[in-house]
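Notes for the structure review
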Amino acid sequence: MTSVCFYFQVHQPFRLDKHSIFDIGTGKPYFSASDGTDLDNQAILNKVAGKCYRPMNDLLLGLLERHPQFRVSFSVTGTVLEQLEQYAPDVLDQFKELAKTGRVEFLNETYHHSLAFIHSPEEFRRQIQMHTDKMKDLFGITPKVFRNTELIYNNDLADVVQELGFTGMLAEGADHILGWRSPNFVYRSLGKKPLPLLLKNYKLSDDIAFRFGEKGWKEYPLSAEKFASWVNSNHGSGDVVNLFMDYETFGEHQWEDTGIFEFMKALPTELYRHPDTVFATPSEVLASADPVGEIDAPHYVSWADVERDLSAWHSNDMQADALRSVFDLEEDVLSSGDEQLIDDWRRLTTSDHFYYMCTKWFADGDVHTYFNPYQSPYDAFIAYMNVIHDVQLRVKEIQSKREAGEPVPLRKVT
């Protein structure tokens, strides 16, 4: 018996509006572009909702009705949940319908899709609790399985996640941590209290996520029948095939005219042609299969780029400067008591801001360009640092008034 474990990452950051040096100290909002450009959060959310979220949610609800044993799982960031509440509440209702089926598992992650664990373990824990609270509030559930931002993982992170009470964690099935071993088994972390791990089968996952519509690919066009045969060939040599990918793969990254929706609609039927194929959520896999070995990851791994490390967010001086600047403000911002300032600061910890500053322009260049709303990494860095300087001014203003004994008008989140 081999399980197929579908996991979809749903995420939209709050993109920064253009912020010049002349905007510092003027009170200009950070995330309020409304010009229909790639920095306009509402316009982008509505576009992706129309191309991906609504049709794909409908498709999955149909598959769940047609196939009683069908299962999928999601991790939905707090930043996209907020945007769905504001701009597309009908999509949020669809996710609630999926949750009500009892056959869709929702996972936990950092609320702001941040790199907090690397720079502030305390803020990492706070953002996990924020996400837990949001999932309870919106869906009435408490996630049991954790996935970190961009599948970033190492031994130390596993220890913290285990201490927080999660029953398992998702990670990248990178060759350099697996060695000769297959990702198609449950593993455990290296530690005194090992945490069960599910590792992404990156080859099969990326066949859908990245290569599906690539006409130069030797396997193009990829049919559901062909893909199911690849998955089913793992019978006898694995307990689970973990297919982890961005939800926006469907309709946004791979457009409707590639046939991606028809592919997904047909896939369960094709997979079920093998009598020993089942679908399972992460929790169901962890409950049914014991770990077969230990994963030692002393260094960070992720699911980004060919290196599968942190270089997408942390490989040049601009990224290092920006990350250091935002987390240096943590104590002063949190102690300010200004909810709007704290919310703005947390939105600045989202990993996408640092991804936009990446200067790797080789094999991964096309991917980075696709996801980058700025003209260049340098434009992204300048806009970000101008906002950081504005946050510093807001902090100093609050501190100065308190030192002078003046009343401080603290703002609520709007």
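Look up: the structure comes first, before these words.
Attention shifts here to helix 5 (residues 121–139). Between the first and last C-alpha of helix 5 there are 27 Å, a value that for 19 residues agrees with the 27 Å anticipated at 1.5 Å per step. Of the positions making up helix 5, those classed as buried are Glu 123, Phe 124, Gln 127, Ile 128, His 131, Thr 132, Lys 134, Met 135, Leu 138 and Phe 139. Just downstream of helix 5 lies Gly 140, where phi reads positive at about 70°.

The biggest cluster of nonpolar side chains holds 61 residues, and the ones touching the most others in it are Tyr 153, Trp 313, Leu 348, Phe 354, Tyr 384 and Val 391. Here this core gets 10 residues from one element, more than from any other, and that element is helix 17 (residues 377–403). For Leu 348, the contacting residues outside a window of four places in its chain are Leu 16, Phe 31, Val 326, His 353, Phe 354, Tyr 384, Val 387, Ile 388 and Val 391. By size, the runner-up hydrophobic cluster in this structure holds 55 residues, among which are Leu 64, Leu 84, Trp 217 and Tyr 247.

A word on helix 12 (residues 317–328). Compared with the 16 Å implied by 1.5 Å per residue over 12 residues, the 16 Å span of helix 12 between its first and last C-alpha is a close match. Residues of helix 12 that are buried make contact with helix 4 (116–119), helix 13 (330–336), helix 14 (339–347), helix 15 (352–355) and helix 17. For helix 12, the N-terminal capping position is held by Asn 316, with its side-chain oxygen 3.0 Å away from the main-chain nitrogen of Met 318.

Once that is clear, we can look at the pairing of strand 7 (residues 196–200). Across the 5 residues that make up strand 7, a large majority, 4, are buried. Relative to strand 7, strand 5 (residues 168–172) is paired through 4 bridges, and the arrangement is parallel. Counted as the bridge partner of Met 169 is Leu 197 from strand 7. In this sheet, strand 7 lies alongside strand 6 (residues 186–189) in antiparallel orientation, the contact comprising 3 bridges. In the sheet register, Val 186 faces strand 7, and the bridge partner there is Leu 198. If you look at the hairpin formed by strand 6 and strand 7, you'll find 6 residues sitting between the two strands.

Turning next to the side chain of Asn 184. Its place among the elements puts Asn 184 in the loop between helix 7 (175–178) and strand 6. According to the relative accessible area criterion, Asn 184 is buried, its value standing at 4%. For Asn 184, the side chain forms a polar contact with the side chain of Asn 201, separated by 3.1 Å. Beyond its immediate stretch of four places on either side in the chain, Asn 184 contacts Asn 201, Asn 234, Gly 238, Asp 239, Val 240 and Val 241.

It is worth spelling out unusual backbone geometry at this point. Cis rather than trans, the peptide bond between Tyr 220 and Pro 221 has omega equal to -5°. Looking at where Pro 221 falls in the secondary structure, it is placed in the loop between helix 8 (202–209) and helix 9 (224–232). Backbone geometry places Leu 151, a non-glycine residue, at a positive phi of 60°. Of note, Asp 305 is a non-glycine position whose phi angle comes to about 60°, a positive value. Its location among the elements puts Asp 305 in the loop between strand 10 (294–295) and helix 12.

Bringing the environment of Ser 315 into the picture now. Structurally, Ser 315 is set in the loop between strand 10 and helix 12. In contact with Ser 315, other than residues within four places in its own chain, are Cys 358 and Lys 360. At a separation of 2.7 Å, a polar atom in the side chain of Ser 315 contacts the main-chain carbonyl oxygen of Ser 311.

Take the packing of aromatic side chains next. With the rule as written, the count across this model stands at 26 aromatic pairs. Taken together, a centroid distance of 6.2 Å and an interplanar angle of 10° make the contact between Tyr 53 and Tyr 247 stacked. Residue Tyr 53 is located in helix 1 (residues 41–66), and its partner Tyr 247 is located in the loop between strand 8 (240–246) and helix 10 (260–271); the two are separated by 194 residues in the primary sequence. Geometrically, the ring pair formed by Phe 327 and Trp 345 is edge-to-face, given 6.2 Å between the ring centres and 85° between the ring planes. Here Trp 345 lies in helix 14 and Phe 327 lies in helix 12, a separation of 18 residues in the sequence. A relative accessible area of 10% means that Phe 327 is categorised as buried. Cluster of aromatic residues (ring-pair linked, three or more members): Phe 6, Phe 8, Tyr 53, Phe 74, Phe 95, Phe 106, Phe 139, Tyr 247 and Phe 250. One cation-aromatic arrangement involves Arg 211 over Trp 217; the distance from NZ or CZ to the ring centre is 5.9 Å.

Cut-off values and rules
- Sequence order sets the numbering: in each chain, residues are counted from 1 along the sequence as written.
- Reporting of local features is limited, given that this is a predicted model, to residues whose pLDDT is at least 70; pairs of side-chain atoms are given and counted only at 80 or more, and all residues count toward the totals for whole chains, interfaces and linings.
- The basis for every side-chain value is the complete set of heavy atoms in the structure, and neither hydrogens nor water enter the calculation.
- Strands here mean DSSP runs of E at least two residues long; helices mean DSSP runs of H or I at least four residues long; both are numbered from the N terminus.
- An expected span of 1.5 Å times one less than the residue number is assigned to each helix.
- Exposure is judged per residue with a 1.4 Å probe applied to protein chains only, and the accessible area is read against the type maximum: over 50% gives exposed, under 20% gives buried, and values in between give partly exposed.
- Put simply, a nonpolar core is a bunch of buried Ala, Val, Leu, Ile, Met, Phe, Trp, Tyr and Cys residues held in one set by side-chain atoms that sit within 4.5 Å of each other.
- The contact criterion used throughout is that any non-hydrogen atoms of two residues lie within 4.5 Å.
- Pairing of N or O atoms within 3.5 Å defines a polar contact, subject to two protein rules: one partner must be a possible hydrogen donor and the other a possible acceptor, and residues neighboring in sequence count only if both atoms are side-chain atoms.
- If DSSP finds at least two bridges between two strands, the strands pair.
- Aromatic rings from Phe, Tyr and Trp, taking only the six-membered ring of Trp, are treated as a pair when their centres fall within 6.5 Å; an angle between ring planes under 30 degrees marks them as stacked, one over 60 as edge-to-face, and anything in between as tilted.
- Whether a charge sits over a ring comes down to the Lys NZ or Arg CZ being within 6 Å of the ring centre and within 35 degrees of the ring normal.

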